[in-house]
Amino acid sequence: MTSMIAVTMFLLWGAVQPPWTTAFKALSSPGSLTHRQITEMAILRKTAQVCRDIAIAGGQDFMLPIDNTLTVHAVQKACTNLRSVYFTNGLQSAIFQTYLWNAFVDGNQISAAWHCDAEKIREGQMIITDGLDKVKVNIDSESYVFARMSLGFICHTLQDFYSHSNWVELGNTAPFSNMIKKVFIDNIAGPNMKTCRNCNGGVCSDNILPEIKVNNLLTSGYFGLLSSSKPEGKCSHGGYYDRTSSTAPTGGINKDEVISEHGIYHRSAADLAISATMELLEDIRLAKGNSAFLRLMGMNKTSVLAFVIDTTGSMSDDIAEVKRVSLNIIDSRRASAEKPSEYILVQFNDPDFGPLIRTENAQLFIEKINSLTANDGGDEPEMCLSGLQLALAAAPPSTDIFVFTDAGAKDFALLSTIKAMIESTKSRVNFMLTKVSSLRKKRDVSQSQRFLSRSMISSELQLYRDLAQASGGQAIEVTKSTLSQATTVIMDSSAPTLVTVLQVVGSPANPENIYFLLDSFLSNVTMYITGVSPVFTLYNPTGASQSGLVADGPLGSIQTVGNLWSVKFKSDYQTGEWWISINSSNPYTIKVTGQSSVDFLYNFVTSEGLQGDFTPKDNRPLSGQNATLFVSVTGGESVTVTDVLLAEALGTKAVYGTIQSLGGTDYLVHVQSLPEWAFVVQLKGQLSGSPRSSAVQFQRQSPTQQRSSGIKMMAESQNALQPGIPLNVSFILTNNGTAGNYTIRAKNDRGFKVSVPSFLNLEAGGRAQGIVTLTAPSNTDSGTDVTLTIEAEAPGSADLNYVTLRLTVIAEVTDVSRPVCQLMSIKSDCPLECSSASWELSANFTDGNGTGMVRVFVNLGSGSLSISPAISENGTSVAVAFYNASCCSPEVELVAVDKVGNVGTCFTSIKSPSANTTTVRPVTSTASGCFVLFVFTKYILLCNIVILFLW
């Protein structure tokens, strides 16, 4: 019965998709703050605080004011100067990802608990604390994309608490810290307790009953989209879509925007939501450290070096070249700010592939590369797509992945899954293909078989070309002896802040002039042309030209190897419109790249207009329907976007969007009708503050091809599964009028057991529901991430759509207690001249019957800390901390973290007796630890209980 109800609710959700669950609306009334703004403000302030603390600890200045005027560009620049790393757009990308998953909750989670509605505050707290566990295990496994997803989810629920509950109306001016702790919240109004009265006409600001405030009870509003019923005497959420708000007690208490029923409290709720989000981020920082936190925020991401390598017997030369290139990149950038921040390696042959190696350690990566050997294989195609799938799932979005092989792929069943993952991750796949045409010459086959073999090789080679074109990468075909000349592409592509100015696929036998804009924010501009003997001439804005036959000319230097032409532009090129005149009897591609902090991020979203948020789509949008893109321009503070268009990937057609500014560098772009052909997103605009002029035009393109579909797919949102326990994922399929059996496939990158219906039968314009079951082995490590792709293919393979789910394996967490601090002693005799004396303390940290502490450190204070080895007393883990500091540094905060990421803190401050002041200051540990009262020179330790008295 329960499962039937769940399926019914899911079907209803798929049919309606109401925007009612939104708080802090994305397209809100003037003066209101949105989830996007709240999330961005919190991340910017906390990131700036962490960078400031690092600067102070290192004796450096940090001049950026930490207030509500912070911008992504300013924080990124300040932290970049501090950390001496190459300027990247990692922070804006991290905010973008986190916000989109925050917004995802509104369109995909109908449960009241996800929004702290209907007095489901404890349930909301459980969502937050469970999600916090996921963030921490994702960080432990270096799965930062998954961590941002989990973070976005719980930020939404946490922020909704302040908009939907009466926390603000109770007079609170600080966050409710228990919402991020695994403690029991005992002051929620009972199920039979009346909480509201009717609004007084159009005035709803005082409709919560006085006894609720007197007793300091928490409540939140009920919501009904289809029904006006609610428990007697309970508050409603309120708003246009809430039918319960017309049932006594009328009105509502939401603070979603300034025009809401409790809109007078909107700004207070939004400010508390910012502070609470910062508190959540601080818990993560304390648990995982500054380095991991800054990586979560994208601050130390420069570039990723990702290789997928065929290790069959014929690949020995190729593997040697991979080793050489890897070592060159690592050695040349080891001491520079442009060194890769992450290394990914996947090997494949037949029938094996993997394992995945993902590390920040350059030396470990070198050791793994050096350990590669070529053996076996050579008799048939290899498991190339399986290896590529692992890399696509592990790499951050928009990563360049290089595949080395001299064989075709035998795992064709993964082709549609690979395409779906390329679209969803926007990663670029580059194939380095050596001697593919001669692969099967060694086989003892008949002439007819050899002819068939050549046909198969041509088909396999085209598969690689198609995947490269679809992703915005390149298929480079060379011999083994010339491979080293082609690998300069890897050096170029692994550079940080690489952007695509233009990428096109040309048609043969049609001479073309192709135009593109170069701006003064670009450096190291390179054009790549792949094809068979193309004839081309390059022109700059002044009309100067250079033939493709001239190796070193006025506009650039040209290198040719295999089917690749590489044009390195001269450093003193002119900004403005360039063009290339090209003619070829064969298909070709042109790609123009450069290094720049100015780029753009985008995602298709579902927009609900003024009454709702826009939520990200995780599959192909619908053909012929209107669509909305959320676009964020990076690397520039003064940007005007003039054009956003969907350009045909294999032609010259284009569909232009209508641009709506959201403030700053964020935009919504509305497209009236999505084309059925494959397209790329192009953006044009104007930038102020150019290095060479006051304002310039610029052009950028997302190289990954996107497609629309006539099939609508939606999956029940999941982001966790437990080892050994099957997880059922419901999905809904709606067609565009084509009746028949739709083929269903489900693939995951971990090889976990998965069951799925082989097909669903749909009537014309109909819908159907299916369930995919995924099971992680019982011995799967907690923190393991898995990407599940569910695909639906129309009859006759005429159309395809997919849903991609990113899940984390989470073992049941039984340790919910934070480490506890107990102050043992303080010794100080600080004179007025503080530099001549020091003070010290000792404290015990205990973890009860928990998992044990992994580290104790100083979060605030400039003294020295020593820790005695942790001991066990009656099953309790105990660590003794000794701290010594100058009297000029009178405050200290010690932090203890246990194995599952629970954080306990202990704050202490001394006061010089010669200051002739009396101070009574109880200070609490967030771990329910100790209170310290300072009265003149006497110290009284009180644990877990506050006693007020006069000395």
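Data block above holds the structure.
Predicted model, so just to flag it, every value in this text is computed and none were measured.

A. Looking closely at the overall build of the protein. Along the backbone of the protein there are 15 helices and 43 strands. Across the 951 residues in the protein, those meeting the buried criterion constitute 57%. When the accessible area of the protein is evaluated, it comes to approximately 37300 Å², of which 51% is carbon and sulfur surface.

B. Quick look at the packing of aromatic side chains. This structure, assessed with the given rule, holds 21 aromatic pairs. Here the aromatic rings of F104 and F153 are separated by 5.9 Å at their centres, their planes lie at 35 degrees, and the arrangement is tilted. With F104 in helix 4 (residues 90-108) and F153 in helix 6 (residues 144-164), this residue pair connects regions lying 49 residues apart in the sequence. Of the two residues, F104 and F153, both sit in the buried class. Taken together, a centroid distance of 4.9 Å and an interplanar angle of 85 degrees make the contact between F161 and Y162 edge-to-face. Given the relative accessible area of 0%, Y162 is considered buried. Of the aromatic side chains, those joined through ring pairs into one cluster are W101, F104, W114 and F153. Over the ring of Y602 we find K426, and its NZ or CZ is 4.7 Å from the ring centre.

C. Structural detail: the sheet that holds strand 3 (residues 353-359). Here we have 6 strands laid out as an open sheet, ordered 3-2-1-4-5-6, and mixed in their pairing. With partners counted over all chains shown, the strands left at the sheet margins are strand 3 and strand 6 (475-478), one partner each. Recorded for the sheet is a direction-independent mean angle of 15 degrees between the axes of neighbouring strands. Of the strand pairs in this sheet, strand 5 (residues 428-434) and strand 6 are connected by 4 bridges, and their pairing is parallel. From the neighbouring strand, F431 faces strand 6, where its bridge partner is A475.

D. The arrangement of unusual backbone geometry in detail. Each neighbour pair has its own omega, and for A248 with P249 the value is -5 degrees, a cis peptide bond. Assignment of secondary structure puts P249 in the loop between helix 7 (210-214) and helix 8 (266-296). In this chain, G354 is followed by P355 through a cis amide linkage whose omega measures 5 degrees. Inspection of the secondary structure puts P355 in strand 3. At K426, a position not held by glycine, the phi torsion is positive, near 55 degrees. Secondary-structure assignment places K426 in the loop between helix 12 (415-425) and strand 5.

E. Expanded view of the environment of S838. Among the secondary structure elements, S838 is positioned in strand 35 (residues 838-846). S838 gets classed as partly exposed once you look at its relative accessible area, which sits at 40%. Along the chain, S838 and N884 lie 46 residues apart, while their C-alpha atoms are 7.0 Å from each other. Dropping the residues within four chain positions of it, S838 is found in contact with N884, A885, S886 and C887.

F. Inspection of the state of the cysteines at higher detail. The final tally for this structure, using the stated rule, is 6 disulfides. What pairs with C51 in a disulfide is C79, and their sulfur atoms sit 2.1 Å apart. Taking the sign of the S-S torsion, 115 degrees for the link of C51 and C79, the bridge is right-handed. With C51 in helix 2 (residues 35-57) and C79 in helix 3 (residues 72-83), this pair connects stretches of sequence that are 28 residues apart. When sorted by exposure, C51 lands in the same class as C79, which is buried. Between the sulfur atoms of C821 and its disulfide partner C906 the distance amounts to 2.2 Å. Its S-S torsion of about -60 degrees marks the bond between C821 and C906 as left-handed, since a negative value means left-handed.

G. Region of the structure containing the pairing of strand 22 (residues 666-671). The buried fraction of strand 22 is high, at 5 of 6 residues. As paired strands, strand 21 (residues 658-663) and strand 22 are joined by 5 bridges and run antiparallel to one another. Counted as the bridge partner of I659 is V669 from strand 22. Here strand 21 folds back onto strand 22 in antiparallel fashion, the turn holding 2 residues, of which G664 has a positive phi close to 65 degrees.

H. Summary view of the pattern of salt bridges. Counted according to the given criterion, the structure contains 29 salt bridges. Taking the shortest distance from any N to any O, the salt bridge between R285 and E282 comes out at 2.8 Å. Residue R285 and its partner E282 are located together in helix 8, separated by 3 residues, close to a single helical turn. With relative accessibility at 6%, the residue R285 sits in the buried group. Under the relative-accessibility criterion, E282 is labelled buried at 17%. Linking R358 and E342 is a salt bridge whose minimum nitrogen-to-oxygen distance equals 3.9 Å. Of this pair, R358 sits in strand 3 while E342 sits in strand 2 (residues 342-348), and the two are 16 residues apart along the sequence. For the pair formed by R358 and E342, the shared burial category is buried. A single network of salt bridges, built from pairs that share partners, joins R295, E342, R358, E360, R750 and D785.

I. Focus on the layout of surface pockets. Of the pockets and cavities examined, the second largest pocket occupies roughly 1000 Å³. Forming the boundary of the second largest pocket are 42 residues, of which K419, D466, Q469, L650 and Q705 lie nearest the centre. Residue assignment for the lining of the second largest pocket shows that the elements contributing at least two residues are helix 12, helix 13 (447-471), strand 6, strand 7 (498-506) and strand 15 (588-595). The biggest single contributor to the lining of the second largest pocket is helix 13, with 6 residues. Of the residues in the lining of the second largest pocket, the class split is 13 nonpolar, 19 polar and 10 charged.

J. Spatial organisation of the sheet that holds strand 41 (residues 903-909). In space, the 3 strands of this open sheet follow the order 36-40-41, with antiparallel pairing throughout. Each of the sheet's edge strands pairs with one partner strand only, and the pair in question is strand 36 (853-860) and strand 41. Shown here is a sheet whose adjacent strand axes are inclined to one another by a mean of 20 degrees, direction ignored. Pairing analysis gives 7 bridges linking strand 40 (residues 891-898) to strand 41, with the strands arranged antiparallel. Among the inter-strand pairings, V895 is bridged to a residue of strand 41, identified as T905. Contacts from helix 8 reach strand 36, strand 40 and strand 41 within the one sheet, and its direction differs from that of strand 36 by about 120 degrees.

K. Summary view of the environment of I38. Within the secondary structure, I38 is located in helix 2. Separated by 121 residues in the primary sequence, I38 and Q159 place their C-alpha atoms 8.3 Å from one another.

L. Region of the structure containing empty space enclosed by the protein. All told, the structure shown has 6 cavities of 30 Å³ or more when counted by the stated rule. Taken as a whole, the second largest cavity encloses approximately 110 Å³ of empty space. Lining of the second largest cavity is provided by 14 residues; of these, L132, K136, I180, R818 and N902 occupy positions nearest its centre. Of the residues forming the lining of the second largest cavity, the biggest block, 4 residues, is contributed by helix 5 (residues 121-140). Broken down by class, the residue content of the lining of the second largest cavity amounts to 5 nonpolar, 3 polar and 6 charged.

M. Focus on the nonpolar core. In this structure, L91, L151, F161, Y162, M179, L218 and M297 are the most contacted members of the largest nonpolar core, which totals 57 residues. No other element matches the 14 residues that helix 8 contributes to this core. Setting aside its immediate chain neighbours within four residues, M297 contacts I43, T47, G90, L91, A94, L151 and L281. Judged by nonpolar contacts, the second largest core, of 30 residues, contains I344, C384, L463 and A475.

Reading guide: rules and limits
- Residues numbered from 1 in each chain as written.
- Predicted model: local features only at pLDDT ≥ 70, side-chain atom pairs only at ≥ 80, totals over all residues.
- Heavy atoms only, no water.
- Helix = DSSP H or I, 4+ residues; strand = E, 2+ residues; numbered from the N terminus.
- Buried < 20%, exposed > 50% of the residue type's maximum accessible area, 1.4 Å probe, protein only.
- Areas by Shrake-Rupley, 256 points an atom, 1.4 Å probe, with all protein chains shown as cover.
- Phe/Tyr/Trp six-rings, centres within 6.5 Å; stacked < 30°, edge-to-face > 60°.
- Lys NZ or Arg CZ within 6 Å of the ring centre and 35° of its normal.
- Pairing = 2+ DSSP bridges.
- Axes fitted to C-alpha atoms, helices over the stretch in contact; angles between N-to-C directions.
- Contact = heavy atoms within 4.5 Å.
- Disulfide = S-S within 2.5 Å.
- Salt bridge = Lys/Arg side-chain N within 4 Å of Asp/Glu carboxyl O.
- 1 Å grid on protein atoms, 1.4 Å probe; cavity = no way out; pocket = protein on both sides within 12 Å on 5 of 7 lines; lining within 4 Å.
- Points joined across faces, edges and corners; volume = space filled by probe spheres on them.
- Nonpolar A, V, L, I, M, F, W, Y, C, P; charged D, E, K, R; others polar.
- Core = buried A, V, L, I, M, F, W, Y, C linked by side-chain atoms within 4.5 Å.

On their own, these measurements won't tell you what the molecule is for.
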